Amino acid sequence: MGPAELLVLTFPQETITVEAASALCKLRTGGDIRVIDSLVVTRHPDGEASYGELADFEHLRGVGGGGHANVLPLIGPEDAQVAAGMLEPGTVALLVLIEHVWAQAAADALRGVGGRIASGVRIPPENIEKAVRVAKARAVNGE
């Protein structure tokens, strides 16, 4: 198995849209990433939080052909509570546990020589973009 990562994707409305759920289903069939589990967490306008599987939402049933057979139930109530703490009232999060299938060959090679992937750090794209802008500005200024 390749490295796994839990992503918390937030949206500024109270429900996951069909478009967002469809994008998740495309990940399932893309080949580079395997969705292991997913969970929807909602912070209602009154501040209360709830969570459920994609199939629990009537408007999302059948999105992506309903191919949830390979999804394992690994994201739990504790994860939902942490995600709910990140949300403003009237917003929603989609928790997605993914395997980086593309890295499986590297992980297998490391294990074959006694190594392992001990840690990883997710760097948000906006941080990379900022670092690139700073580096370009330094190059222009001759620093």
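Before any of the text, the structure's been laid out above.
From a predicted model like this one, the values you see are computed outputs, not experimental measurements.

## Concerning the sheet that holds strand 3 (residues 49–52)
With antiparallel pairing, the 4 strands of this open sheet are ordered in space as 1-4-2-3. The open sheet has two edge strands, strand 1 (4–11) and strand 3, and neither has a second partner. Ignoring which end each strand starts from, the neighbouring axes of this sheet average 20 degrees apart. Relative to strand 3, strand 2 (residues 33–43) runs antiparallel, the two being bridged by 4 bridges. Pairing of Val 40 across the sheet is with Gly 52, part of strand 3. Running over the sheet, helix 2 (residues 77–86) touches strand 1, strand 2, strand 3 and strand 4 (91–100) and is turned about 60 degrees from strand 2.

## Comments concerning a nonpolar patch on the surface
A surface patch of nonpolar side chains, amounting to about 340 Å² of accessible area, comprises Leu 6, Val 8, Val 82 and Met 86. For the nonpolar patch, the secondary structure elements donating two or more residues are strand 1 and helix 2. Of note, Met 86 is situated in helix 2.

Here is what the cut-offs are and how they apply
- Position labels on residues start from 1 in each chain and follow its written sequence.
- At least 70 in pLDDT is required for a residue's local features to be given in this predicted model, at least 80 for side-chain atom pairs to be given and counted, and no such filter applies to totals for whole chains, interfaces and linings, which use all residues.
- Computation of side-chain values covers all heavy atoms of the structure but excludes hydrogens and water.
- The pairing criterion is simple: DSSP has to find at least two bridges between the two strands.
- Put simply, DSSP marks the helices as runs of H or I at least four residues long and the strands as runs of E at least two long, and each gets a number from the N terminus on.
- In this description, a line fitted to the C-alpha atoms serves as the axis of each element, helices being fitted only across the stretch in contact, and the angle between N-to-C directions of two axes falls anywhere from 0 to 180 degrees.
- Whether two residues are in contact is decided by their heavy atoms: any pair within 4.5 Å suffices.
- Exposure above 30% relative accessible area and the lack of any salt bridge qualify a residue for a patch; like charges then connect within 9 Å, and the nonpolar side chains Val, Leu, Ile, Met, Phe, Trp and Tyr within 5 Å.
- With residues, only the protein chains shown are counted as cover, and all accessible areas are computed by Shrake-Rupley using a 1.4 Å probe.
- In what follows, salt bridge is the name for a side-chain nitrogen of Lys or Arg lying within 4 Å of a carboxyl oxygen of Asp or Glu.

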